[in-house]
Amino acid sequence: MSAERHIAGMLQQIARQQDIVEIAPQGSAPKAAALAHVAEQYGYTYGVAYRTGFRNSLVQVRMDRDTRPEARVREAATITAHPQAGNGGTVPGLEQGSLKPVPEAVGAVEVLKDLISFDVMALYIANRGQKVKGYLACAVLTVILFIDRSPVEAVASGGAVAVLFTVAFKVGEIRRKMIARRLTAAGFLAVRDGQGGRRFLRPGQQLPGHVNPFAA
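The rules behind each value
- Residues numbered from 1 in each chain as written.
- Predicted model: local features only at pLDDT ≥ 70, side-chain atom pairs only at ≥ 80, totals over all residues.
- Heavy atoms only, no water.
- Helix = DSSP H or I, 4+ residues; strand = E, 2+ residues; numbered from the N terminus.
- Buried < 20%, exposed > 50% of the residue type's maximum accessible area, 1.4 Å probe, protein only.
- Contact = heavy atoms within 4.5 Å.
- Areas by Shrake-Rupley, 256 points an atom, 1.4 Å probe, with all protein chains shown as cover.
- Axes fitted to C-alpha atoms, helices over the stretch in contact; angles between N-to-C directions.
- Left-handed = near helix turned anticlockwise from the far one by under 90°.
- Nonpolar A, V, L, I, M, F, W, Y, C, P; charged D, E, K, R; others polar.
- Salt bridge = Lys/Arg side-chain N within 4 Å of Asp/Glu carboxyl O.
- Phe/Tyr/Trp six-rings, centres within 6.5 Å; stacked < 30°, edge-to-face > 60°.
- Lys NZ or Arg CZ within 6 Å of the ring centre and 35° of its normal.
- Pairing = 2+ DSSP bridges.
- Expected span 1.5 Å × (residues − 1).
- Parallel < 35°, antiparallel > 145°, perpendicular 65-115°, else oblique.

What follows deals with the overall build of the protein chain. Broken down by element type, the protein chain carries six helices and five strands. Starting at the N terminus and ending at the C terminus, the protein chain contains elements arranged as α-β-α-β-β-α-α-α-α-β-β. Relative to its 216 residues, the protein chain shows a buried fraction of 40%. Taking contacts inside the protein chain between residues at least 6 apart in sequence as the whole, the part at least 24 apart equals 59%. When the accessible surface of the protein chain is split by element, carbon and sulfur atoms take 60% of a total near 12,100 Å².

Once that is clear, we can look at the packing of helix α1 (residues 3–15) against helix α2 (residues 29–41). Closest axis-to-axis distance for the α1/α2 pair is 11 Å, and the angle between their directions is 35°. Remark: the crossing between α1 and α2 carries right-handed chirality. From α1, His6, Ile7, Met10, Leu11 and Ile14 reach across to α2, where they touch Leu35, Val38 and Ala39. Looking at side-chain class alone, the contact of α1 with α2 contains seven nonpolar, one polar and no charged residues.

This brings us to the pattern of salt bridges. Scanning the model with the defined rule gives nine salt bridges in all. The closest approach of N and O atoms between Glu75 and Arg72, which form a salt bridge, is 3.0 Å. Taken together, the residues span about one helical turn, with Glu75 and Arg72 both in helix α3 (residues 69–81) at a distance of three residues. We note a salt bridge from Arg199 to Asp119, for which the minimum N-O separation is 3.2 Å.

Glancing now at the packing of aromatic side chains. Under the criterion given, the structure shown has one aromatic pair. When the ring of Phe118 is compared with that of Phe200, the centres are 5.1 Å apart and the planes differ by 85°; the resulting orientation is edge-to-face. Placement of Phe118 in helix α4 (residues 106–120) and of Phe200 in strand β5 (residues 198–201) is noted, with a sequence separation of 82 residues between them. One exposure class covers both Phe118 and Phe200, and it is buried. Its end group placed over the ring of Phe118, Arg176 keeps NZ or CZ at 3.8 Å from the ring centre.

This part is about the sheet that holds strand β2 (residues 44–52). With respect to topology, three strands assemble into an open sheet ordered β1-β3-β2, the strand pairing being antiparallel. The open sheet has two edge strands, β1 (20–23) and β2, and neither has a second partner. Neighbouring strand axes in the sheet, compared pairwise and without regard to direction, differ in orientation by 20° on average. Where β2 lies against strand β3 (residues 58–65), eight bridges are found, and the strand directions are antiparallel.

With that settled, the discussion passes to unusual backbone geometry. The phi dihedral of Gln17 falls on the positive side, at around 60°, and the residue is not glycine. The residue Gln17 is located in the loop between α1 and β1 in this model. A relative accessible area of 41% means that Gln17 is categorised as partly exposed.

Before going further, it helps to spend a moment on α1. In this model, α1 (13 residues) spans 18 Å end to end at C-alpha, consistent with the 18 Å of a helix rising 1.5 Å per residue. Of the positions making up α1, those classed as buried are Ala3, His6, Ile7, Ala8, Met10, Leu11, Gln13 and Ile14. Elements that come into contact with the buried residues of α1 comprise β1, α2 and β2. Gln17 sits one or two positions beyond α1 and adopts a positive phi of about 60°.

Quick look at the packing of α2 against α4 now. Close contact between α2 and α4 brings their axes to 8 Å; oriented N to C, the two are set at 120°. With respect to α4, the element α2 is oriented oblique. You can see that α2 and α4 cross each other, and the crossing is right-handed. Every residue of α4 that contacts α2 at Ala29, Pro30, Ala32, Ala33, Ala34, Ala36, His37 and Glu40 is listed here: Ala108, Val109, Leu112, Lys113, Ile116 and Ser117. Partitioning the contact of α2 with α4 into residue classes produces 10 nonpolar, two polar and two charged.

As far as function goes, none of this settles anything; it's purely spatial.
Written out as structure tokens, the structure is:
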């Protein structure tokens, strides 16, 4: 899908004054971040990101409508400055006809990319139960291989898969910690959502339905 179609589809949702706008730009976190930045100019704020679709190939981003007065002022200013956005005209924060941010928007888009990446990577950060299931699968694989291969080959193959699991878990944890440090340095606050997952919010922002979003 072209950049123009992605932008037009999102702006159609925004024009309907929806409380939630969904962005799914074919699995790309940078593209999703660029579109999220545009949505912010129209009075929305980042909600959450997750993978969906066939084999989790799509990055889905949910933008929530910001009810604060300053968000409505920002929306009105954007509409005035970009009256033809979505119809071939200029789009706030992006180069004409693309999802590439203009120089002054690069920093904001990078922050959004970190927020998206942090949330999306939760799928690949194994908790204790996921690790047990993963290593159990390696053990089952080893047993199955005993049927057709020698014991040495079966153990070697099962062990190799277990090593790959371990490396993948560790790399994911390290990358997510690096992103968390960048978000903290950018002024975001770490909170826990209703499922106990770690999230980052701007000061004053609340999780949907969360009475005290800054509780541990």
